[in-house]
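Here is how the chains run, residue by residue.
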Amino acid sequence: MQEETVGSSMSFPVAARWERAPLGTGAATGTVTSLEVAEGDTVSAGDILYTVDLRPVVVASGEVPAFRDLAEGSEGADVRQLQEFLRDAGYLKVRTPDGTFGTATTAAVKKWQKTAKVDEDGVVRAGDVVFASTLPARVVLDEAVTVGAQLTPGQPVVSSLGLTPTFVMELAADQAQVVPTSGRVSVTGTDVTWEGVIASATTTTDELLVLSLTASDGGPLCGTGCGSVPVAEKDALFTGNIITVEASTGPAVPAAAVGTLANGDAFVVAEDGTQVPVTILSQGNGRAVVQGIAGGDVVRLFGEKSTAGASGATGTSDPAGPAGSDGAAP
């Protein structure tokens, strides 16, 4: 017998999902000529999302979507949003935007247009800005926003991603019957492994068991490494292992060498035929790590079923002696 590490786990696919929420609609009409952000990029006010007819479309903070061209004389909440953007970018020297597009705003717009390398006419076209409610944000462009696509005003163009992805296992009814709904899990990708727990278990109307996975403290399973989780239309898939028996290291014997008394106590049979009480620390794959014997001890395997040793013991005994060709369990 020798020391081994023995435990047990069950493996299933794990899906990592980024929740998406609409972030902004566009007002541009024309052909998408380039994409300036990739899936999962973090954008701030002033960043270019894409170009339409070679004209850049930037994102800015605001609750009111762009719906009209803005020029000197315009008034409203959309003008105030534009002024806040120009102020924060350093083009407009005002403390509190008033929502009135005056000469100072016109001058600021022209400075911004010069930086953007577009005509410095002081007019902000409806399609120049996508107003988003929350910035900065981690984003993904709408699937319809591709190079060569024709855009029309009012269509969704960008969505925000949650700060972290969710990790779930979805198991069919026959799998659900043998899978624990609590306990430790490990999730492995190409070059990363995250340790966590099953946080909740729910059953869908079509009888799928859905296990939600988190870190042990309830935080995101991916911790500080969530940025490495791919952002795509489909789920990113990982390999998940549900720990059914915690691993222990110690003297290991074949599980078949362990008998059980009527009171539930475990024992093994030593080479001389005596019963040795043991405590099972862990078991899996036909092996058991036990406490009560030492490395190098020889135990017998149970052969044909019979009463073994003391009264009340159940199991089998092997009259031929210890297990293996030399009688020793490995």
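Note: the structure precedes this text.
Residues numbered from 1 in each chain as written. Predicted model: local features only at pLDDT ≥ 70, side-chain atom pairs only at ≥ 80, totals over all residues. Heavy atoms only, no water.

Student: Run through the packing of helix α1 (residues 77-88) against helix α2 (residues 103-116), naming residues and quoting values.
Tutor: Two numbers describe how α1 lies on α2: the axes approach to 10 Å, and their chain directions differ by 60 degrees. Considering their axes alone, α1 and α2 lie oblique with respect to each other. Where α1 crosses over α2, the handedness of that crossing is left-handed. The segment α1 lies against α2, with Leu82, Gln83, Phe85 and Leu86 engaging Thr105, Ala108, Val109 and Trp112. Residues that form the contact of α1 with α2 fall into these classes: six nonpolar, two polar and no charged. (Axes fitted to C-alpha atoms, helices over the stretch in contact; angles between N-to-C directions. Helix = DSSP H or I, 4+ residues; strand = E, 2+ residues; numbered from the N terminus. Parallel < 35°, antiparallel > 145°, perpendicular 65-115°, else oblique. Left-handed = near helix turned anticlockwise from the far one by under 90°. Contact = heavy atoms within 4.5 Å. Nonpolar A, V, L, I, M, F, W, Y, C, P; charged D, E, K, R; others polar.)

Student: Break down empty space enclosed by the protein for me, citing the residues and quoting the values.
Tutor: Under the criterion given, the structure shown has one cavity of 30 Å³ or more. The space that makes up the largest cavity amounts to roughly 60 Å³. Lining the largest cavity are Ala66, Phe67, Arg68, Leu70, Asp78, Leu82, Val124, Arg125, Ala126, Val129 and Phe131. Of all the secondary-structure elements, those providing two or more residues to the lining of the largest cavity are α1 and β7 (129-132). For the lining of the largest cavity, a count of residues per class yields eight nonpolar, no polar and three charged. (1 Å grid on protein atoms, 1.4 Å probe; cavity = no way out; pocket = protein on both sides within 12 Å on 5 of 7 lines; lining within 4 Å. Points joined across faces, edges and corners; volume = space filled by probe spheres on them.)

Student: Give me the environment of leucine 82: which residues, what numbers.
Tutor: For leucine 82, the location among the structural elements is in helix α1. By relative accessible area, leucine 82 is classed as buried at 1%. A sequence separation of 96 residues divides leucine 82 from valine 178, and the C-alpha atoms of the two residues are 58 Å apart. Leucine 82 has contacts with Leu70, Phe101, Val109, Val124 and Phe131, leaving out every residue within four places of it along the chain. (Buried < 20%, exposed > 50% of the residue type's maximum accessible area, 1.4 Å probe, protein only.)

Student: How would you sum up the side chain of arginine 138? Please name residues and give values.
Tutor: The residue arginine 138 is located in strand β8 (residues 137-141) in this model. It is aspartate 41 that comes nearest to the buried, bridge-free arginine 138 among opposite-charge side chains, at 7.0 Å. There is a polar contact of 2.7 Å between the side chain of arginine 138 and the backbone oxygen of glycine 40. (Lys, Arg positive; Asp, Glu negative; His and termini not counted. Salt bridge = Lys/Arg side-chain N within 4 Å of Asp/Glu carboxyl O. Polar contact = N/O pair within 3.5 Å; in protein donor to acceptor, adjacent residues only side chain to side chain.)

Student: Can you explain the state of the cysteines? Please cite residues and give values.
Tutor: Here, the word disulfide means a covalent bond between the sulfur atoms of two cysteines. With the rule as written, the count across this model stands at one disulfide. Disulfide partner of cysteine 222: cysteine 226, at an S-S distance of 1.9 Å. Of note, the bridge from cysteine 222 to cysteine 226 carries an S-S torsion of about 85 degrees and is right-handed in sense. Under the relative-accessibility criterion, cysteine 222 is labelled buried at 2%. (Disulfide = S-S within 2.5 Å.)

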